[in-house]
Amino acid sequence: MNGKTTALLIIDTQFDFCNPKGTLYVPGAENDVERIAQLIANYGGHINQIFVTLDTHRVLDIAHPLFWEDPNGNTVAPFTLITSQAVKAGKWTPRYEKEYVLSYLEKLENEGEFKHFIWPEHCLVGSRGAALDDTILDAILAWTHRTGTDYKAIIKGTNPFTEHFGIFRAQVPIPGDEETELDQNLISELEAFDEIIIVGEARSHCVATSIKQILVYAPALIPKVKVLTDCMSDVTGWGHLADPIFSEAQEKGIVFKTSKDIFTTS
């Protein structure tokens, strides 16, 4: 590790995902954040920069229930899968920007992105749910005071007309909205480090999509990336979404380790 510059990239370790009382709690995440915090406490001197991403949404969001209704005008329930075909058939109707939304769904499906899924309202702007988990925040603040280096926060998901799982780009970028377009500045910042350690939530969605985006849009990062498998968990029943992405990543040179061996082995 001597001489290496290392960035720790912490994805979406927020209350709503990591706390059992969160609206989109990821089982196991409370243990993940303990391991991440312990990593920072034990090996913070090896970490040159900490990046944290913050999923941040509005109530009226394309992936939240209130955006949609069924033929009887009822709000769609969380955990509903919505396809373009179902919208054309009138099974589900967006309450806003109907033509755009149909085009959006078709783009998702044509480009092989995750199908459109309705989530419970989560990480609402200004809410407790959008805040960093206390365990993570305490660890980061202690690291900042110890090193004199401030952490960097990246907000994603504020545009209500597109999902934003990956940290580098929205699922479908919105022309003219820089936040949804490919974040070249973040890519450039990360390229400056010798090593990038990735942890966070959820493995099945935001972490997996971020890894996929590295493979597609930032291949220069591949030899620098190390993913800590014991510092992330899946949304229940959805781990299969990440499996092929992680397999491809490993084949292309991304390294998978744990928090126990990342700083103790080469």
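Residues numbered from 1 in each chain as written. Predicted model: local features only at pLDDT ≥ 70, side-chain atom pairs only at ≥ 80, totals over all residues. Heavy atoms only, no water.

### So, helix α7 (residues 203-217)
Counted only if it meets this: Partly exposed describes any residue whose relative accessible area lies between the buried limit of under 20% and the exposed limit of over 50%, with all areas from a 1.4 Å probe on protein chains only and scaled to the type maximum. In this text, helices come from DSSP runs of H or I with a minimum length of four residues, and strands from runs of E with a minimum of two, each type numbered from the N-terminal end. Any two residues having at least one pair of non-hydrogen atoms within 4.5 Å are treated as being in contact.
Counting buried positions along α7 gives 12 out of 15 residues, so the element sits mostly inside the fold. R203, S204, H205, C206, V207, A208, T209, S210, I211, Q213, I214 and L215 are the residues of α7 that are buried. Close packing links the buried residues of α7 with β1 (6-11), β7 (152-156), β8 (195-200), β9 (225-228) and α8 (239-252).

### Examining the packing of helix α2 (residues 29-43) against helix α5 (residues 134-147)
Inclusion rule: For helices, the fitted axis covers only the stretch in contact; all axes are lines through C-alpha atoms, and the angles between them, taken along N-to-C directions, range from 0 to 180 degrees. Here the angle decides the label: under 35 degrees means roughly parallel, over 145 means roughly antiparallel, 65 to 115 means roughly perpendicular, and every other value means oblique. Each residue is assigned to one class: nonpolar for Ala, Val, Leu, Ile, Met, Phe, Trp, Tyr, Cys and Pro, charged for Asp, Glu, Lys and Arg, and polar for all the others, Gly among them.
Two numbers describe how α2 lies on α5: the axes approach to 9 Å, and their chain directions differ by 10 degrees. Taken together, the axes of α2 and α5 are roughly parallel relative to one another. Within the contact between the two elements, α2 uses V33, E34, I36, A37, I40 and A41 and α5 uses T135, I136, A139, I140, W143 and R146. Per-class residue counts for the contact of α2 with α5 are 9 nonpolar, 1 polar and 2 charged.

### Observations concerning the packing of α7 against α8
To describe two helices that pack against each other, one gives the angle between their axes and the distance between the axes. Put simply, the rule reads: Should the near helix be turned anticlockwise from the far one by less than a right angle, the crossing is left-handed, and should it be turned clockwise, the crossing is right-handed.
Viewed as axis vectors pointing N to C, α7 and α8 meet at an angle of 30 degrees, and their least axial separation amounts to 9 Å. Considering the angle they form, α7 stands roughly parallel to α8. Handedness of the α7/α8 crossing: left-handed. The segment α7 lies against α8, with R203, S204, H205, V207, A208, I211, K212 and L215 engaging G239, L241, A242, D243, I245, F246, E248, A249 and K252. Looking at the contact of α7 with α8 residue by residue, the classes come out as 9 nonpolar, 3 polar and 5 charged.

### Some points on unusual backbone geometry
In this structure, the amide linkage connecting E201 to the following residue, A202, adopts the cis form with an omega of -20 degrees. Here A202 is to be found in the loop between β8 and α7. Here the phi dihedral of D12 falls at roughly 50 degrees; this positive angle occurs in a residue that is not glycine. Take D12: it is sitting in the loop between β1 and α1 (15-18). At E97, a residue that is not glycine, the phi angle is positive and equals roughly 50 degrees. Mapping E97 onto the fold places it in the loop between β5 (93-94) and α4 (98-110).

### Examining empty space enclosed by the protein
Stated formally: Definitions used for this entry: grid spacing 1 Å over protein atoms alone; cavity, a set of points where a 1.4 Å probe fits but cannot get out; pocket, an open set with protein on both sides within 12 Å along at least 5 of 7 lines; lining residue, one with an atom within 4 Å of a point. Grid points are joined across faces, edges and corners, and a volume is the space filled by probe spheres set on the points.
Applying the stated rule across the entire model yields 2 cavities of 30 Å³ or more. By volume, the largest cavity amounts to about 130 Å³. Lining of the largest cavity is provided by 15 residues; of these, F17, L24, H122, F165 and C206 occupy positions nearest its centre. In terms of residue class, the lining of the largest cavity is built from 8 nonpolar, 4 polar and 3 charged. Reported here for the second largest cavity is a volume of approximately 40 Å³. Every residue lining the second largest cavity is listed: L108, F114, K115, H116, F117, E163, F165 and Q171.

### Things to note about the pattern of salt bridges
Here is the rule we go by: Any Lys or Arg side-chain nitrogen found within 4 Å of a carboxyl oxygen on Asp or Glu counts as a salt bridge.
With the rule as written, the count across this model stands at 12 salt bridges. One salt bridge in this structure joins R203 and D234, with 3.1 Å as the shortest N-O distance. In this pair, R203 is assigned in helix α7 and D234 in the loop between β9 and α8, connecting sequence segments 31 residues apart. A relative accessible area of 16% places R203 in the buried class. The class of D234 is partly exposed, set by a relative accessible area of 26%. R203 is the partner of D243 in a salt bridge, and the nearest nitrogen-oxygen pair spans 2.8 Å. With D243 in helix α8 and R203 in helix α7, the pair connects residues that are 40 residues apart, well separated along the chain. A relative accessible area of 37% means that D243 is categorised as partly exposed. Sharing partners across several salt bridges, the network here consists of D12, D55 and K156.

In short, shape yes, function no, at least from these values alone.
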